[in-house]
Amino acid sequence: MRIDVITIFPDYLNPLREALLGKAIERDRIAVGVHDLRDWTHDVHRAVDDSPYGGGPGMVMKPQVWGEALDAVCGTGEEPMPRLVVPTPAGRPFDQRTAIRWSAEPWLVFACGRYEGIDQRVIDDAATRMPVEEVSIGDYVLVGGEVAALVMIEAVARLLPGVLGNPLSAEQDSFSDGLLEGPCYTRPEVWRGHAVPDVLRSGNHAAINRWRRDQALARTYRRRPDLLAALPEGALDKADRAQ
Ligand SMILES: N#Cc1c(-c2ccc3ccn(Cc4ccc(CN5CCCCC5)cc4)c3c2)n[nH]c1N
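Residues numbered from 1 in each chain as written. Predicted model: local features only at pLDDT ≥ 70, side-chain atom pairs only at ≥ 80, totals over all residues. Heavy atoms only, no water.

**Brief notes about the state of the cysteines**
Here's step 1: All told, the structure shown has zero disulfides when counted by the stated rule.
Here's step 2: You can see Cys 74 has no disulfide; the closest cysteine sulfur is in Cys 112, sitting 12 Å from it.
Here's step 3: For Cys 74, a relative accessible area of 2% puts it in the buried group.
Here's step 4: Since its relative accessible area comes to 0%, Cys 112 is described here as buried. (Disulfide = S-S within 2.5 Å. Buried < 20%, exposed > 50% of the residue type's maximum accessible area, 1.4 Å probe, protein only.)

Structure, rendered in structure tokens:
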């Protein structure tokens, strides 16, 4: 997979070069390009924003600069074109299903806005040449799209072959079966008077799996009842329903 990020703060994306993701890039599992939007300005002030039509707070990012940047990074219509991802508080919710869907894409480009956002015509124009998704990582307000891009890139990249040390981990994620995962434990057996649940040391794998499923159901019921309600028909077996 190739991932490009366009931003006025390229250094914000430095964490991509760390740890597992950094190793995946070194091993060419993922190709990452980070581009400074100001490289496509032509004035001495390298201006990327202007006042909003219709008034309102803050500034809006100029369409001309973004248009040239997207043409340069994405191309102008010849195949292959990337999927353009635009983080925005007004976007569709980003979730694990989206991460899984995007992990099958050969090329993603993230357009990271600042100020009050990017002139809408940039997104509308790009959508005439490539698939565009305006997405939000949650119902809270950030200052720009870079942190959201980092979140989404990590969620997608960890699903790619050869990125995670243990591929099973991604398959057993929270949400992979529609539930939150239960608690996890490691040595020592007792720590500050808190003991590891006996079942986890029993060696009885059927009992362990049942206990973990029960813990996941209970935690999901307490913290995210919406996920339980969204489970497909038949997702809960008789033992689950006895919980
Ligand atoms: N993903 C994601 C995000 C973002 C996100 C993503 C990308 C950008 C680019 C710029 N900002 C800042 C900003 C902040 C507030 C507002 C809303 N307006 C405020 C003034 C009155 C009208 C409405 C717009 C733009 C961004 C924020 N925030 N939260 C998420 N989950």
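The structure having been displayed, the exposition proceeds.
**Digging into unusual backbone geometry**
Here's step 1: For the bond running from Glu 79 to Pro 80, omega is -10°, close enough to zero to count as cis.
Here's step 2: With respect to the helices and strands, Pro 80 occurs in the loop between α2 (63–74) and β5 (83–93).
Here's step 3: Along the chain, Arg 187 connects to Pro 188 via a cis peptide bond; the corresponding omega equals 10°.
Here's step 4: Here Pro 188 lies in the loop between α6 (167–171) and β8 (190–191).
Here's step 5: Backbone geometry at Ala 19 places phi at a positive 50°, although glycine is not the residue there.
Here's step 6: With respect to the helices and strands, the residue Ala 19 is situated in helix α1 (residues 19–26).
Here's step 7: Accessibility expressed as a relative area gives 58% for Ala 19, which makes it exposed.
Here's step 8: Positive phi values are uncommon outside glycine, yet Arg 46 reaches one of about 55°.
Here's step 9: With respect to the helices, strands and loops of the structure, Arg 46 is situated in the loop between β2 (31–36) and β3 (49–50). (Helix = DSSP H or I, 4+ residues; strand = E, 2+ residues; numbered from the N terminus.)

**Details of the nonpolar core**
Here's step 1: If you look at the biggest cluster of nonpolar residues, it comprises 27 residues, and the most contacted ones within it are Ile 30, Trp 102, Phe 110 and Met 152.
Here's step 2: Counting residues per element, the ones that place at least two in this core are β1 (2–7), α1, α3 (96–102), β6 (107–111) and α5 (146–157).
Here's step 3: Ranked by residues supplied to this core, first place goes to α5 with eight residues.
Here's step 4: Non-local contacts of Phe 110, meaning those with residues more than four positions away in its chain, are made with Ile 3, Asp 4, Val 5, Ile 6, Val 85, Trp 102, Ala 149, Met 152 and Ile 153.
Here's step 5: Ile 8, Cys 74, Val 122 and Ile 123 belong to the second largest nonpolar core, which has 23 residues in total. (Core = buried A, V, L, I, M, F, W, Y, C linked by side-chain atoms within 4.5 Å. Contact = heavy atoms within 4.5 Å.)

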